[in-house]
Amino acid sequence: MTDKEIKISYKEYSSPDEMSKEDRELVLAAIDAMKGSYAPYSHFNVGAAVRLSNGTVVKGANQENAAFPSGLCAERTAMFHAGASYPDKAMVSIAIAGGVMGRLAKAPATPCGACRQVMAQYQAKSGKPMSVIMAGDGIIWKFDKVDDVLPLIFDSI
Ligand code: THU
């Protein structure tokens, strides 16, 4: 038996102003995308923004439904839009922001497991790392690749 360890490194910022221009814009786009949230049940508004390899930014927001599983998270709304509309462009980065009643929460918005799996799929599709940025009010985390937020990615089929 051997003890193994998985090490994850990420960057923490206290403001979008500390980030590169591209990342700052993506965070602001994710915060802006919260406006498109339709969350009559949870009242938790999530926005996401995907940057494509050609510089295009595609936004998404969570869309809820009375039949709960029929709704969709912000991240997948954005990624599926990007995948369907720009099938030949790599998704190089995704930023996520969330909060109650449209107000950005203090804690960074952490994506659910299903959204991480979808990120992994599009990262594998492009063959290049997709960075993941989780934004909160006064604290932002940046992970350089999906593997850092979904260790031991399932990609065996
Ligand atoms: N939600 C997202 O949009 N993204 C996530 O990664 C986690 C959760 C949404 C789904 C639902 O509309 C609301 O937040 C509460 O779970």
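This text gives an overview of the structure that appears in the document. (Residues numbered from 1 in each chain as written. Predicted model: local features only at pLDDT ≥ 70, side-chain atom pairs only at ≥ 80, totals over all residues. Heavy atoms only, no water.)

1. Description of the overall build of the protein chain
In step 1: Scanning the protein chain for helices and strands turns up three helices and six strands.
In step 2: Beginning at the N terminus, the succession of helices and strands in the protein chain can be written as β-α-β-β-α-β-α-β-β.
In step 3: The globule rule puts the C-alpha radius of gyration for 157 residues at 15 Å, and the 15 Å found for the protein chain is close to it.
In step 4: Along the first, second and third principal axes, the C-alpha atoms of the protein chain reach 50 × 40 × 35 Å. (Helix = DSSP H or I, 4+ residues; strand = E, 2+ residues; numbered from the N terminus. Rg over C-alpha atoms; globule rule 2.2 N^0.38 Å.)

2. Here we look at the state of the cysteines
In step 1: Across all of its chains, the model carries zero disulfides by this definition.
In step 2: Free of any disulfide, Cys73 has its nearest neighbouring cysteine sulfur in Cys115, separated by 3.8 Å.
In step 3: The thiol of Cys115 is not disulfide-bonded; the next cysteine sulfur, from Cys112, is found 3.7 Å away.
In step 4: The buried category is assigned to Cys115, whose relative accessible area is 0%. (Disulfide = S-S within 2.5 Å. Buried < 20%, exposed > 50% of the residue type's maximum accessible area, 1.4 Å probe, protein only.)

3. Side note on the site of the ligand
In step 1: With respect to spatial proximity, the complete set of residues near the ligand consists of Ser42, Phe44, Val46, Asn62, Glu64, Cys73, Ala74, Glu75, Thr110, Pro111 and Cys112.
In step 2: In the environment of the ligand, an oxygen atom lies 2.7 Å from a nitrogen or oxygen atom belonging to the side chain of Glu75.
In step 3: Burial of the ligand by the protein amounts to 74% of the accessible area it has alone, namely 370 Å².
In step 4: Contributing elements (two or more residues each) for the shell around the ligand: strand E2 (44-52) and helix H2 (74-85).
In step 5: Partitioning the shell around the ligand into residue classes produces six nonpolar, three polar and two charged. (Near = heavy atom within 4 Å. Polar contact = N/O pair within 3.5 Å; in protein donor to acceptor, adjacent residues only side chain to side chain. Areas by Shrake-Rupley, 256 points an atom, 1.4 Å probe, with all protein chains shown as cover. Nonpolar A, V, L, I, M, F, W, Y, C, P; charged D, E, K, R; others polar.)

4. Considering the sheet that holds E2
In step 1: The strand order E1-E6-E5-E4-E2-E3 describes an open sheet built from six strands, whose pairing is mixed. For this open sheet the edge positions go to strand E1 (11-13) and strand E3 (57-61), each flanked by a neighbour on one side alone. Across the sheet, the mean angle from the axis of one strand to that of its neighbour is 15°, orientation sign disregarded.
In step 2: Bridging between E2 and E3 involves five bridges; their strand directions are antiparallel. If you follow Arg51 over to E3, its bridge partner there is Val57. (Pairing = 2+ DSSP bridges. Axes fitted to C-alpha atoms, helices over the stretch in contact; angles between N-to-C directions.)

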